[in-house]
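# Overview (structure and organization)
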Amino acid sequence: MKNSVFAIFLLLIISCQQKTEDVSKIKEDVSFLADDKLEGRQTGTEGEKKAAEFIANRFKKMGLTAKGTNGYYQEFSFLPKTDPHSEVKFTKNQDGTITGRNVIGYIDNKAANTIIIGAHFDHLGYGGEGSLYRDSIKAIHNGADDNASGTAVMLDLASKLKDKNTSNNYLFMAFSGEEMGLLGSNYFVKNPTIDTKAVSYMINMDMVGRLKQDTTLAVYGTGTSPIFKQVLKSHNNKFKLIENESGVGPSDHTSFYLADIPVLHFFTGQHEDYHKPGDDSEKLNYTGMETISEYIFDVISDLDDNGKLAFRKTKNESESTPRFKVGLGVIPDYLFDGKGMRIDGISEGRPAEKAGLKKGDIVIQLGDSLVTNMMSYMRALSIFDKGDKTKVVVKRDQQEVTSSIPVSYTHLRAHETPEH
(Lines give C-alpha, C1' and ligand atoms only; values in the text may rest on other atoms or scores of the structure.)
Protein backbone atom coordinates (compact mmCIF):
# COMPACT_ATOMS: atom_id res chain seq x y z
CA MET A 1 0.00 0.00 0.00
CA LYS A 2 2.80 2.37 0.94
CA ASN A 3 4.58 1.61 -2.32
CA SER A 4 1.40 2.36 -4.32
CA VAL A 5 0.90 5.71 -2.59
CA PHE A 6 4.55 6.60 -3.15
CA ALA A 7 4.30 5.67 -6.85
CA ILE A 8 1.21 7.87 -7.32
CA PHE A 9 2.92 10.73 -5.47
CA LEU A 10 6.00 10.35 -7.67
CA LEU A 11 3.89 10.41 -10.86
CA LEU A 12 2.18 13.61 -9.69
CA ILE A 13 5.55 15.26 -9.06
CA ILE A 14 6.82 14.21 -12.51
CA SER A 15 3.61 15.45 -14.15
CA CYS A 16 3.86 18.84 -12.41
CA GLN A 17 7.52 19.16 -13.38
CA GLN A 18 6.69 18.37 -17.03
CA LYS A 19 3.88 20.94 -17.08
CA THR A 20 6.21 23.58 -15.61
CA GLU A 21 8.82 22.80 -18.26
CA ASP A 22 6.21 22.97 -21.04
CA VAL A 23 4.91 26.34 -19.80
CA SER A 24 8.49 27.65 -19.64
CA LYS A 25 9.21 26.50 -23.21
CA ILE A 26 6.01 28.06 -24.54
CA LYS A 27 6.97 31.34 -22.88
CA GLU A 28 10.47 31.12 -24.34
CA ASP A 29 9.11 30.57 -27.87
CA VAL A 30 6.67 33.49 -27.61
CA SER A 31 9.34 35.78 -26.16
CA PHE A 32 11.59 35.18 -29.17
CA LEU A 33 8.87 35.53 -31.81
CA ALA A 34 7.37 38.66 -30.22
CA ASP A 35 10.69 40.40 -29.58
CA ASP A 36 11.26 43.88 -31.04
CA LYS A 37 14.27 42.47 -32.92
CA LEU A 38 11.90 40.70 -35.33
CA GLU A 39 10.09 44.00 -36.05
CA GLY A 40 6.61 42.49 -36.17
CA ARG A 41 7.32 39.54 -38.51
CA GLN A 42 5.61 41.08 -41.55
CA THR A 43 5.58 38.73 -44.53
CA GLY A 44 8.61 39.19 -46.77
CA THR A 45 10.73 41.06 -44.21
CA GLU A 46 13.96 40.09 -42.45
CA GLY A 47 11.97 39.70 -39.24
CA GLU A 48 9.73 37.10 -40.85
CA LYS A 49 12.82 35.25 -42.14
CA LYS A 50 14.36 35.19 -38.66
CA ALA A 51 11.11 33.85 -37.22
CA ALA A 52 10.98 31.15 -39.91
CA GLU A 53 14.58 30.14 -39.15
CA PHE A 54 13.77 29.90 -35.44
CA ILE A 55 10.77 27.64 -36.10
CA ALA A 56 12.75 25.46 -38.54
CA ASN A 57 15.49 25.03 -35.94
CA ARG A 58 12.90 24.05 -33.32
CA PHE A 59 11.51 21.43 -35.74
CA LYS A 60 15.01 20.11 -36.40
CA LYS A 61 15.89 19.82 -32.69
CA MET A 62 12.67 17.87 -32.08
CA GLY A 63 13.57 15.47 -34.87
CA LEU A 64 10.82 16.44 -37.32
CA THR A 65 11.46 15.65 -40.98
CA ALA A 66 11.66 18.63 -43.34
CA LYS A 67 8.57 18.68 -45.57
CA GLY A 68 8.81 21.95 -47.45
CA THR A 69 10.00 22.43 -51.02
CA ASN A 70 13.39 23.67 -49.78
CA GLY A 71 14.14 21.86 -46.55
CA TYR A 72 11.62 23.04 -43.96
CA TYR A 73 10.61 26.04 -46.11
CA GLN A 74 7.90 26.41 -48.72
CA GLU A 75 8.35 29.80 -50.35
CA PHE A 76 5.58 31.63 -52.19
CA SER A 77 5.78 34.90 -54.10
CA PHE A 78 2.91 37.25 -54.84
CA LEU A 79 2.01 40.72 -55.98
CA PRO A 80 0.30 42.73 -53.22
CA LYS A 81 -3.28 43.81 -53.90
CA THR A 82 -4.04 47.29 -55.16
CA ASP A 83 -7.80 46.67 -54.98
CA PRO A 84 -8.97 45.42 -51.54
CA HIS A 85 -11.71 43.35 -53.20
CA SER A 86 -9.42 41.53 -55.65
CA GLU A 87 -7.56 38.27 -55.07
CA VAL A 88 -3.82 38.09 -54.58
CA LYS A 89 -1.98 36.50 -57.51
CA PHE A 90 0.91 34.15 -56.80
CA THR A 91 3.69 34.94 -59.25
CA LYS A 92 7.46 35.04 -59.65
CA ASN A 93 10.07 37.23 -61.32
CA GLN A 94 7.97 40.39 -61.44
CA ASP A 95 8.76 43.83 -60.05
CA GLY A 96 7.09 44.45 -56.72
CA THR A 97 6.66 40.82 -55.71
CA ILE A 98 6.81 39.82 -52.04
CA THR A 99 8.16 36.42 -51.00
CA GLY A 100 6.90 34.71 -47.86
CA ARG A 101 7.61 31.27 -46.49
CA ASN A 102 5.69 28.54 -44.73
CA VAL A 103 7.69 26.35 -42.34
CA ILE A 104 6.76 22.66 -42.46
CA GLY A 105 7.87 19.72 -40.31
CA TYR A 106 6.65 16.12 -40.41
CA ILE A 107 6.35 13.17 -38.04
CA ASP A 108 6.22 10.07 -40.23
CA ASN A 109 4.62 7.18 -38.36
CA LYS A 110 4.19 5.20 -41.62
CA ALA A 111 0.43 5.59 -41.14
CA ALA A 112 -2.25 5.77 -43.82
CA ASN A 113 -3.55 9.18 -42.73
CA THR A 114 -2.07 12.51 -41.68
CA ILE A 115 -3.24 15.20 -39.26
CA ILE A 116 -2.24 18.80 -40.02
CA ILE A 117 -1.57 21.07 -37.05
CA GLY A 118 -0.94 24.70 -37.91
CA ALA A 119 -0.69 28.33 -36.84
CA HIS A 120 0.35 31.49 -38.66
CA PHE A 121 3.53 33.20 -37.45
CA ASP A 122 3.46 36.42 -39.49
CA HIS A 123 2.12 39.72 -38.17
CA LEU A 124 1.84 43.39 -39.15
CA GLY A 125 5.39 44.69 -38.85
CA TYR A 126 5.06 48.39 -38.10
CA GLY A 127 1.32 48.43 -38.72
CA GLY A 128 0.03 49.19 -42.16
CA GLU A 129 -3.45 48.53 -43.49
CA GLY A 130 -4.47 46.01 -40.86
CA SER A 131 -3.43 48.09 -37.85
CA LEU A 132 -5.96 49.57 -35.42
CA TYR A 133 -3.28 51.85 -33.95
CA ARG A 134 -4.20 55.52 -34.41
CA ASP A 135 -1.01 57.28 -33.30
CA SER A 136 1.00 59.03 -36.03
CA ILE A 137 4.30 57.70 -34.62
CA LYS A 138 4.99 54.29 -36.13
CA ALA A 139 5.51 51.44 -33.70
CA ILE A 140 6.33 47.72 -33.90
CA HIS A 141 3.32 45.41 -33.74
CA ASN A 142 4.87 42.39 -32.01
CA GLY A 143 1.78 40.18 -32.21
CA ALA A 144 2.44 38.09 -29.09
CA ASP A 145 -1.12 36.81 -28.97
CA ASP A 146 -1.60 37.24 -32.73
CA ASN A 147 -0.02 34.82 -33.36
CA ALA A 148 3.18 33.96 -31.56
CA SER A 149 0.81 32.27 -29.09
CA GLY A 150 -0.62 29.83 -31.65
CA THR A 151 2.84 29.10 -33.06
CA ALA A 152 4.18 28.31 -29.58
CA VAL A 153 1.27 25.95 -28.85
CA MET A 154 1.82 24.27 -32.22
CA LEU A 155 5.47 23.68 -31.28
CA ASP A 156 4.41 22.35 -27.89
CA LEU A 157 2.06 19.87 -29.56
CA ALA A 158 4.89 18.73 -31.83
CA SER A 159 6.96 17.85 -28.76
CA LYS A 160 3.99 16.11 -27.12
CA LEU A 161 3.17 14.00 -30.19
CA LYS A 162 6.69 12.75 -30.91
CA ASP A 163 6.52 8.95 -30.54
CA LYS A 164 2.90 9.11 -29.31
CA ASN A 165 -0.47 8.44 -31.00
CA THR A 166 1.29 6.68 -33.84
CA SER A 167 -1.82 5.63 -35.78
CA ASN A 168 -1.47 8.89 -37.77
CA ASN A 169 1.29 10.98 -39.28
CA TYR A 170 1.54 14.64 -38.26
CA LEU A 171 2.31 17.64 -40.44
CA PHE A 172 3.17 20.78 -38.45
CA MET A 173 2.89 24.05 -40.34
CA ALA A 174 3.75 27.63 -39.45
CA PHE A 175 1.99 29.76 -42.07
CA SER A 176 3.08 33.15 -43.33
CA GLY A 177 0.90 35.65 -45.22
CA GLU A 178 -2.15 35.15 -42.98
CA GLU A 179 -2.47 38.86 -42.24
CA MET A 180 -2.44 39.59 -45.98
CA GLY A 181 -5.31 37.21 -46.71
CA LEU A 182 -4.58 33.61 -45.63
CA LEU A 183 -1.90 33.46 -48.33
CA GLY A 184 0.41 30.80 -46.91
CA SER A 185 -2.33 28.28 -46.15
CA ASN A 186 -4.02 29.00 -49.47
CA TYR A 187 -0.76 28.41 -51.31
CA PHE A 188 -0.10 25.15 -49.48
CA VAL A 189 -3.55 23.75 -50.27
CA LYS A 190 -2.98 24.54 -53.95
CA ASN A 191 0.62 23.26 -53.83
CA PRO A 192 0.69 20.58 -51.12
CA THR A 193 3.87 18.78 -50.14
CA ILE A 194 1.90 15.69 -49.04
CA ASP A 195 -1.12 13.86 -50.44
CA THR A 196 -4.00 15.95 -49.08
CA LYS A 197 -6.46 13.14 -49.91
CA ALA A 198 -4.91 11.28 -46.98
CA VAL A 199 -5.41 14.19 -44.53
CA SER A 200 -7.83 13.20 -41.77
CA TYR A 201 -8.38 16.68 -40.32
CA MET A 202 -6.66 20.01 -39.63
CA ILE A 203 -6.24 21.86 -36.31
CA ASN A 204 -5.52 25.62 -36.26
CA MET A 205 -4.54 27.84 -33.33
CA ASP A 206 -4.84 31.60 -33.79
CA MET A 207 -4.78 33.93 -30.76
CA VAL A 208 -4.80 31.40 -27.93
CA GLY A 209 -2.67 33.44 -25.53
CA ARG A 210 -5.19 35.30 -23.41
CA LEU A 211 -7.36 32.71 -21.70
CA LYS A 212 -9.48 34.73 -19.29
CA GLN A 213 -10.37 33.98 -15.70
CA ASP A 214 -13.71 32.52 -16.78
CA THR A 215 -11.73 30.04 -18.98
CA THR A 216 -13.83 30.72 -22.07
CA LEU A 217 -12.41 28.98 -25.13
CA ALA A 218 -13.91 29.29 -28.60
CA VAL A 219 -13.74 26.33 -30.96
CA TYR A 220 -14.79 26.83 -34.58
CA GLY A 221 -15.44 24.14 -37.18
CA THR A 222 -17.22 21.78 -34.79
CA GLY A 223 -19.73 20.86 -37.50
CA THR A 224 -17.13 19.94 -40.13
CA SER A 225 -17.00 16.32 -38.94
CA PRO A 226 -19.80 14.44 -37.13
CA ILE A 227 -17.49 13.21 -34.35
CA PHE A 228 -16.01 16.54 -33.25
CA LYS A 229 -18.66 17.73 -30.78
CA GLN A 230 -18.73 14.47 -28.89
CA VAL A 231 -14.93 14.30 -28.52
CA LEU A 232 -14.59 17.96 -27.53
CA LYS A 233 -17.21 17.51 -24.83
CA SER A 234 -15.82 14.25 -23.44
CA HIS A 235 -12.39 15.77 -22.70
CA ASN A 236 -13.52 19.15 -21.42
CA ASN A 237 -13.42 19.67 -17.68
CA LYS A 238 -11.62 23.02 -17.60
CA PHE A 239 -13.15 25.33 -20.21
CA LYS A 240 -16.36 27.16 -20.88
CA LEU A 241 -16.58 26.17 -24.55
CA ILE A 242 -18.13 28.45 -27.15
CA GLU A 243 -18.73 26.27 -30.20
CA ASN A 244 -19.28 27.38 -33.77
CA GLU A 245 -20.06 24.79 -36.45
CA SER A 246 -18.87 26.77 -39.48
CA GLY A 247 -15.63 25.80 -41.19
CA VAL A 248 -15.24 29.31 -42.61
CA GLY A 249 -13.64 31.98 -40.46
CA PRO A 250 -10.92 34.66 -40.36
CA SER A 251 -7.95 32.30 -40.09
CA ASP A 252 -6.02 29.59 -41.93
CA HIS A 253 -8.36 26.68 -41.19
CA THR A 254 -10.68 28.17 -43.84
CA SER A 255 -8.23 27.21 -46.63
CA PHE A 256 -8.40 23.55 -45.58
CA TYR A 257 -12.16 23.49 -45.04
CA LEU A 258 -12.63 24.77 -48.58
CA ALA A 259 -10.59 21.74 -49.72
CA ASP A 260 -13.11 19.44 -47.98
CA ILE A 261 -10.93 18.74 -44.93
CA PRO A 262 -12.52 18.73 -41.43
CA VAL A 263 -11.14 21.57 -39.29
CA LEU A 264 -11.03 22.78 -35.70
CA HIS A 265 -9.91 26.31 -34.85
CA PHE A 266 -9.07 27.35 -31.26
CA PHE A 267 -9.30 30.99 -30.09
CA THR A 268 -9.34 32.74 -26.69
CA GLY A 269 -10.96 35.98 -27.87
CA GLN A 270 -10.11 39.49 -28.94
CA HIS A 271 -8.86 42.27 -26.69
CA GLU A 272 -7.92 45.95 -26.71
CA ASP A 273 -4.39 45.19 -27.94
CA TYR A 274 -5.58 43.36 -31.08
CA HIS A 275 -3.61 44.65 -34.10
CA LYS A 276 -1.91 47.27 -31.94
CA PRO A 277 1.64 47.71 -30.58
CA GLY A 278 0.44 46.70 -27.11
CA ASP A 279 0.11 43.00 -28.01
CA ASP A 280 3.26 42.05 -26.09
CA SER A 281 4.51 38.83 -24.53
CA GLU A 282 4.21 39.86 -20.86
CA LYS A 283 0.41 40.05 -21.22
CA LEU A 284 -0.12 36.39 -22.12
CA ASN A 285 -1.50 33.62 -19.93
CA TYR A 286 1.15 30.93 -20.40
CA THR A 287 -0.38 28.44 -18.01
CA GLY A 288 -3.63 28.83 -19.95
CA MET A 289 -1.80 28.15 -23.21
CA GLU A 290 -0.36 24.91 -21.84
CA THR A 291 -3.83 23.89 -20.61
CA ILE A 292 -5.20 24.47 -24.13
CA SER A 293 -2.33 22.43 -25.58
CA GLU A 294 -3.11 19.56 -23.19
CA TYR A 295 -6.78 19.70 -24.20
CA ILE A 296 -5.95 19.57 -27.92
CA PHE A 297 -3.55 16.68 -27.25
CA ASP A 298 -6.34 14.78 -25.46
CA VAL A 299 -8.68 15.37 -28.43
CA ILE A 300 -6.03 14.11 -30.87
CA SER A 301 -5.40 11.08 -28.64
CA ASP A 302 -9.10 10.20 -28.61
CA LEU A 303 -9.25 10.39 -32.41
CA ASP A 304 -6.04 8.41 -32.92
CA ASP A 305 -7.73 5.14 -33.88
CA ASN A 306 -10.71 6.62 -35.75
CA GLY A 307 -9.10 6.48 -39.18
CA LYS A 308 -9.83 9.21 -41.72
CA LEU A 309 -12.59 11.44 -40.36
CA ALA A 310 -15.76 12.04 -42.34
CA PHE A 311 -16.10 15.57 -43.74
CA ARG A 312 -19.31 17.55 -43.52
CA LYS A 313 -20.20 20.84 -45.18
CA THR A 314 -21.46 23.55 -42.82
CA LYS A 315 -23.50 26.67 -43.28
CA ASN A 316 -21.19 29.47 -44.33
CA GLU A 317 -22.18 32.17 -41.88
CA SER A 318 -20.11 34.79 -43.68
CA GLU A 319 -22.50 34.58 -46.65
CA SER A 320 -25.42 35.66 -44.45
CA THR A 321 -23.45 38.33 -42.59
CA PRO A 322 -24.82 41.81 -43.36
CA ARG A 323 -22.59 44.18 -45.30
CA PHE A 324 -21.87 47.48 -43.61
CA LYS A 325 -19.88 50.59 -44.46
CA VAL A 326 -19.67 52.22 -41.03
CA GLY A 327 -18.51 51.40 -37.52
CA LEU A 328 -18.66 52.65 -33.95
CA GLY A 329 -15.01 51.96 -33.15
CA VAL A 330 -15.52 49.06 -30.75
CA ILE A 331 -14.01 45.58 -30.52
CA PRO A 332 -16.80 43.05 -29.90
CA ASP A 333 -16.40 40.27 -27.35
CA TYR A 334 -16.88 37.27 -29.63
CA LEU A 335 -16.91 34.90 -26.64
CA PHE A 336 -19.92 36.56 -24.98
CA ASP A 337 -22.91 34.24 -25.00
CA GLY A 338 -25.43 36.45 -23.19
CA LYS A 339 -28.11 38.73 -24.63
CA GLY A 340 -26.72 41.69 -26.61
CA MET A 341 -23.24 42.53 -27.91
CA ARG A 342 -20.62 43.06 -25.21
CA ILE A 343 -17.82 45.55 -25.93
CA ASP A 344 -14.34 44.17 -25.35
CA GLY A 345 -12.41 47.29 -26.35
CA ILE A 346 -12.81 50.92 -27.43
CA SER A 347 -10.69 52.49 -30.17
CA GLU A 348 -9.22 55.90 -29.43
CA GLY A 349 -10.81 58.87 -31.16
CA ARG A 350 -13.66 56.85 -32.63
CA PRO A 351 -17.42 57.44 -32.13
CA ALA A 352 -17.82 54.98 -29.23
CA GLU A 353 -15.19 56.75 -27.14
CA LYS A 354 -16.70 60.16 -27.90
CA ALA A 355 -20.13 58.87 -26.89
CA GLY A 356 -18.78 57.66 -23.54
CA LEU A 357 -19.11 53.94 -24.17
CA LYS A 358 -16.85 51.70 -22.06
CA LYS A 359 -15.29 48.27 -22.16
CA GLY A 360 -17.78 45.82 -20.67
CA ASP A 361 -20.86 47.72 -21.86
CA ILE A 362 -23.45 45.47 -23.49
CA VAL A 363 -25.14 47.01 -26.54
CA ILE A 364 -28.86 46.12 -26.41
CA GLN A 365 -30.23 48.65 -28.91
CA LEU A 366 -28.82 50.55 -31.90
CA GLY A 367 -31.16 53.05 -33.49
CA ASP A 368 -34.61 51.47 -33.64
CA SER A 369 -33.22 47.93 -33.70
CA LEU A 370 -32.94 45.65 -30.68
CA VAL A 371 -29.58 43.91 -30.35
CA THR A 372 -29.76 40.35 -29.03
CA ASN A 373 -26.49 38.91 -30.42
CA MET A 374 -23.62 39.66 -32.79
CA MET A 375 -25.65 39.01 -35.93
CA SER A 376 -28.48 41.36 -34.92
CA TYR A 377 -25.89 44.01 -34.03
CA MET A 378 -24.37 43.78 -37.51
CA ARG A 379 -27.82 43.93 -39.11
CA ALA A 380 -28.56 47.08 -37.12
CA LEU A 381 -25.24 48.62 -38.16
CA SER A 382 -25.73 47.77 -41.84
CA ILE A 383 -28.55 50.29 -42.36
CA PHE A 384 -26.38 53.33 -41.60
CA ASP A 385 -24.26 55.45 -43.91
CA LYS A 386 -21.24 57.61 -43.15
CA GLY A 387 -22.23 60.77 -41.29
CA ASP A 388 -25.44 59.37 -39.79
CA LYS A 389 -26.13 59.90 -36.12
CA THR A 390 -28.19 57.56 -33.99
CA LYS A 391 -28.77 56.44 -30.42
CA VAL A 392 -27.22 53.48 -28.69
CA VAL A 393 -28.52 51.83 -25.53
CA VAL A 394 -26.08 49.82 -23.43
CA LYS A 395 -26.41 47.82 -20.27
CA ARG A 396 -23.81 48.91 -17.71
CA ASP A 397 -23.74 47.46 -14.19
CA GLN A 398 -27.43 46.46 -14.44
CA GLN A 399 -28.34 50.00 -15.57
CA GLU A 400 -29.42 51.07 -19.06
CA VAL A 401 -27.47 54.01 -20.47
CA THR A 402 -28.55 55.85 -23.63
CA SER A 403 -26.11 57.90 -25.72
CA SER A 404 -26.20 59.78 -29.00
CA ILE A 405 -23.53 58.47 -31.32
CA PRO A 406 -22.26 59.28 -34.84
CA VAL A 407 -21.21 56.44 -37.11
CA SER A 408 -18.07 56.65 -39.22
CA TYR A 409 -16.57 54.91 -42.23
CA THR A 410 -14.75 51.65 -41.59
CA HIS A 411 -12.59 49.66 -44.01
CA LEU A 412 -12.31 45.92 -43.54
CA ARG A 413 -10.36 43.29 -45.40
CA ALA A 414 -12.47 40.28 -46.25
CA HIS A 415 -10.70 37.77 -44.00
CA GLU A 416 -10.45 39.93 -40.89
CA THR A 417 -12.48 39.70 -37.72
CA PRO A 418 -13.94 43.20 -37.78
CA GLU A 419 -13.56 46.12 -35.46
CA HIS A 420 -17.04 47.63 -35.60
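To be clear, the structure that these remarks concern was listed above.
Our subject in this report is the structure included herewith. (Residues numbered from 1 in each chain as written. Predicted model: local features only at pLDDT ≥ 70, side-chain atom pairs only at ≥ 80, totals over all residues. Heavy atoms only, no water.)

### Quick word on the packing of helix α2 (residues 46-62) against helix α3 (residues 144-161)
Two elements in contact, α2 and α3, have axes whose closest approach is 10 Å; the angle formed by their N-to-C orientations is 10°. In terms of orientation, α2 and α3 fall into the roughly parallel class. α3 is crossed by α2, and the crossing has right-handed handedness. Across from I55, R58, F59 and M62 in α2, the residues of α3 making contact are T151, M154, L155, A158 and S159. (Axes fitted to C-alpha atoms, helices over the stretch in contact; angles between N-to-C directions. Helix = DSSP H or I, 4+ residues; strand = E, 2+ residues; numbered from the N terminus. Parallel < 35°, antiparallel > 145°, perpendicular 65-115°, else oblique. Left-handed = near helix turned anticlockwise from the far one by under 90°. Contact = heavy atoms within 4.5 Å.)

### Section: the nonpolar core
In this structure, F59, I117, F172, M205 and F266 are the most contacted members of the largest nonpolar core, which totals 59 residues. When residues of this core are assigned to their parent elements, the largest contribution, 9 residues, is made by α3. If near-sequence neighbours (up to four positions away) are discounted, F59 is found in contact with L64, Y72, V103, I104, G105, M154, L155 and F172. Of all hydrophobic cores here, the second largest spans 23 residues; its members include V371, M378, A380 and I405. (Core = buried A, V, L, I, M, F, W, Y, C linked by side-chain atoms within 4.5 Å. Buried < 20%, exposed > 50% of the residue type's maximum accessible area, 1.4 Å probe, protein only.)

### What to know about α3
Between the first and last C-alpha of α3 there are 24 Å, a value that for 18 residues agrees with the 26 Å anticipated at 1.5 Å per step. Counting buried residues in α3 gives 17 out of 18 residues, a clear majority hidden from the surface. Positive backbone phi, at 70°, marks D163, one or two positions downstream of α3. (Expected span 1.5 Å × (residues − 1).)

### A short note on the environment of H265
Note that H265 resides in strand β10 (residues 263-267). The spacing of H265 and I203 is 62 residues in sequence and 5.9 Å in space, taken between C-alpha atoms. In this structure, H265 is in contact with N204, D206, A218, V219, Y220, S251 and H253, ignoring residues within four places of it in sequence. A polar side-chain atom of H265 sits 3.1 Å from a polar atom in the side chain of N204. (Polar contact = N/O pair within 3.5 Å; in protein donor to acceptor, adjacent residues only side chain to side chain.)

### Examining the pattern of salt bridges
Side chains carrying opposite charge are able to pair once their charged atoms draw close together. For the structure on display, the rule yields 17 salt bridges. Notably, a salt bridge pairs K25 with E28, separated by 3.0 Å at the nearest N-O pair. Linking K25 with E28, this pair stays in helix α1 (residues 2-33), spanning 3 residues, or about one helical turn. What makes K25 partly exposed here is its relative accessible area of 31%. (Salt bridge = Lys/Arg side-chain N within 4 Å of Asp/Glu carboxyl O.)

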